[in-house]
Amino acid sequence: MAARYDRAITVFSPDGHLFQVEYAQEAVKKGSTAVGIRGKDIVVLGVEKKSVAKLQEERTVRKICALDEHVCMAFAGLTADARIVINRARVECQSHRLTVEDPVTVEYITRYIFTNRLKYTHNGRRPFGISALIVGFDYDGTPRLYQTDPSGTYHAWKANAIGRSAKTVREFLEKNYTDEAIASDNDAIKLAIKALLEVVQSGGKNIELAVIRRNQPLKSKEIETLVAEIEKEKEEEAEKKKQKKSS
Amino acid sequence: MEYLIGIQGPDFVLVAADNVAASSIIQMKHDYDKMFKLSEKILLLCVGEAGDTVQFAEYIQKNVQLYKMRNGYELSPAAAANFTRKNLADYLRSRTPYHVNLLLAGYDETDGPGLYYMDYLSALAKAPFAAHGYGLNKRFILNLPSFTVRLIDKDGIHDMEKLPVGPK
């Protein structure tokens with residue numbers, strides 16, 4: 001049945017599905033995992049780095065992109081589609097600054113990306129095969145995290161994950177995202193790493209992390225020391241549990 | 001009667017611009033800043049037709065920032081100067097030319113300090129010192145009351161003390 005209703009975005013199926021959009025969401029599920037966490041004074045983005053071929057230059061594979069000095073995004077899905085979205089968003093960030101002399105709010109740029117995408121789903125062109133996590137600070141200092149998906153909708157989140165194994169990561173976050181867990185900047189970063197370590201196979205080497213702090217531009221984070229700390233904490237907890245059992 | 005001046009030193013560029021925004025014979029503002037920060041180490045000083053100055057300078061400013069966002073590093077002063085020149089030249093032969101005179105000052109990691117002179121006909125020249133307008137104070141019928149002064153070196157742009165030049 002699906003075969004007759006999935007050729008074009010302009011066709012609904014009898015049970016109300018837009019198959020092209022759903023297939024686009026499948027493309028997203030194949031992408032490498034990305035997680036975003038909104039802390040109190042910090043927003044964190046972490047992505048799973050796909051293993052790079054031996055001869056490939058690692059630093060040319062960037063999945064976290066700055067859109068402006070106070071906003072950045074990570075995506076899951078078709079990299080080529082993402083490039084177009086990122087490019088348009090960057091131009092819009094500067095255009096907004098030119099016309100209204102203010103930096104964009106995170107919501108504005110998310111809405112712009114979503115409206116752009118909607119034009120594709122409505123005009124009979126194929127939807128973008130990416131989900132994006134957009135994080136940043138508004139100029140009043142509020143941290144924000146938004147997620148967009150191929151259907152063109154967007155929502156604000158406290159913490160979210162996209163891509164492969166997003167469900168597992170999201171469940172981990174639902175259990176572990178508490179006000180204490182994000183009390184300090186470092187705690188928020190550790191939470192992001194822990195969430196990714198749930199699904200990333202080879203540990204810290206395959207995680208790329210970026211943070212934005214209020215009034216500071218995007219920074220890539222050195223995660224080796226933090227991963228080592230997390231491993232130590234895990235061991236200590238396991239030790240405690242063993243002692244409890246034995247006593 | 002606007003005035004811009006720039007001097008290139010061994011490892012810095014010093015620039016100054018007057019602070020008057022005038023409308024025919026009335027001084028509308030006496031604290032107007034004519035310098036536009038294109039990036040951490042590049043300043044664009046812009047005088048000329050009212051409106052054209054801000055419009056053109058802000059357009060260049062945002063495009064330089066866009067380059068930084070897209071590529072992860074900033075345009076060099078030489079590249080920024082040539083980009084500005086190309087834009088001014090393209091608009092020159094359109095129905096809406098910009099009438100602006102510019103000085104572009106910047107510090108490059110590899111090439112050191114640089115000062116570029118550009119006029120409204122889009123002539124670009126790299127020079128060790130350059131100016132637009134009459135800067136005279138003793139023998140000129142008008143006195144410009146104050147000047148904003150800035151210094152660019154390897155550490156970025158620094159504000160210097162405002163110069164109140166006047167008859168002593």
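In short, a report on the structure. The structure presented is a predicted model; accordingly, all values stated were derived computationally and were not measured.

**A word on the side chain of S122 of chain B**
All names here are of chain B.
Consideration 1: Along the chain, S122 falls in the loop between strand 8 (112-118) and strand 9 (124-126).
Consideration 2: Residue S122 is classed as buried on the basis of its relative accessible area of 7%.
Consideration 3: Once you skip the residues sitting within four places of it in the chain, S122 turns out to touch R85, L88 and A89.

**With respect to helix 7 (residues 224-246) of chain A**
Residues and elements named next belong to chain A.
Consideration 1: Its 23 residues give helix 7 an end-to-end C-alpha distance of 33 Å, which sits within 8% of 33 Å, the value for a rise of 1.5 Å per residue.
Consideration 2: Taken as a whole, helix 7 has its buried residues at L226, V227 and I230.
Consideration 3: Each element contacted by the buried residues of helix 7 is listed here: helix 6 (185-197).

**Remarks on the nonpolar core**
Residue and element names in this part refer to chain A.
Consideration 1: Counting 29 residues, the largest nonpolar core has V35, I37, V44, L173, I189 and I193 as its most contacted members.
Consideration 2: At eight residues, helix 6 tops the list of elements feeding residues into this core.
Consideration 3: Formed by 21 residues, the second largest nonpolar core is a distinct cluster that contains C93, V106, I130 and Y154.

**Quick notes on the sheet that holds strand 8 of chain B**
Residue and element names in this part refer to chain B.
Consideration 1: In space, the five strands of this open sheet follow the order 5-6-7-8-9, with antiparallel pairing throughout. With one partner strand each, in any of the chains shown, strand 5 (35-39) and strand 9 form the two edges of the open sheet. Across the sheet, the axes of successive neighbouring strands diverge by a mean angle of 20°, strand direction being ignored.
Consideration 2: Strand contacts of helix 1 (residues 52-71): strand 5, strand 6 (42-48) and strand 7 (100-108), with the helix running at about 15° to strand 5, the strand carrying the most contacts.
Consideration 3: Relative to the sheet, helix 2 (residues 77-92) contacts strand 6, strand 7, strand 8 and strand 9, its axis offset from that of strand 7 by approximately 160°.

**Thoughts on the interface of chain A and chain B**
Consideration 1: On the chain B side, the residues contacting the eleven residues of chain A number eight residues.
Consideration 2: The junction of chain A with chain B conceals about 920 Å² of combined surface from both sides, 58% of it contributed by carbon and sulfur atoms.
Consideration 3: When the area that chain A buries against chain B is broken down by residue, the three leading residues are R90, Q94 and L98 of chain A, summing to 55%.
Consideration 4: Inspection of the chain A/chain B interface yields one salt bridge.

**Quick word on unusual backbone geometry**
Both trends apply: most residues other than glycine have a negative phi, and most peptide bonds are in trans.
Residues and elements named next belong to chain A.
Consideration 1: A positive phi angle, near 60°, is found at E101, a position not held by glycine.
Consideration 2: As for its position among the elements, E101 is in the loop between helix 3 (79-100) and helix 4 (106-122).
Consideration 3: One non-glycine residue, N215, lies in positive phi territory at about 65°.
Consideration 4: Considering the arrangement of structural elements, one finds N215 in the loop between strand 9 (207-213) and strand 10 (219-220).

**Observations concerning the pairing of strand 6 of chain B**
All names here are of chain B.
Consideration 1: With six of seven residues buried, strand 6 is to be regarded as a mostly interior element.
Consideration 2: With four bridges joining them, strand 5 and strand 6 adopt antiparallel strand pairing. Residue pairing across strands places S39 opposite I42, the latter belonging to strand 6.
Consideration 3: In this structure, the hairpin formed by strand 5 and strand 6 is closed by a connection of two residues.

**Re the pairing of strand 9 of chain A**
Residues and elements named next belong to chain A.
Consideration 1: Within strand 9, six of the seven residues are buried, which leaves it mostly tucked inside the rest of the structure.
Consideration 2: Judged from the seven bridges that link them, strand 2 (residues 42-48) and strand 9 form a sheet pairing that is antiparallel. Note on strand 9: the bridge partner recorded for E48 is I207.
Consideration 3: Where strand 9 and strand 10 come together, two bridges link them in antiparallel fashion. When the bridges of strand 10 are listed, A210 appears paired with S220.
Consideration 4: Following strand 9, the chain reverses through five residues before pairing antiparallel with strand 10; N215 in that reversal takes a positive phi of roughly 65°.

Cut-offs applied
Residues numbered from 1 in each chain as written. Chains lettered and ligands numbered in written order. Predicted model: local features only at pLDDT ≥ 70, side-chain atom pairs only at ≥ 80, totals over all residues. Heavy atoms only, no water. Helix = DSSP H or I, 4+ residues; strand = E, 2+ residues; numbered from the N terminus. Buried < 20%, exposed > 50% of the residue type's maximum accessible area, 1.4 Å probe, protein only. Contact = heavy atoms within 4.5 Å. Expected span 1.5 Å × (residues − 1). Core = buried A, V, L, I, M, F, W, Y, C linked by side-chain atoms within 4.5 Å. Pairing = 2+ DSSP bridges. Axes fitted to C-alpha atoms, helices over the stretch in contact; angles between N-to-C directions. Buried area = accessible area lost by both parts, 1.4 Å probe. Salt bridge = Lys/Arg side-chain N within 4 Å of Asp/Glu carboxyl O.

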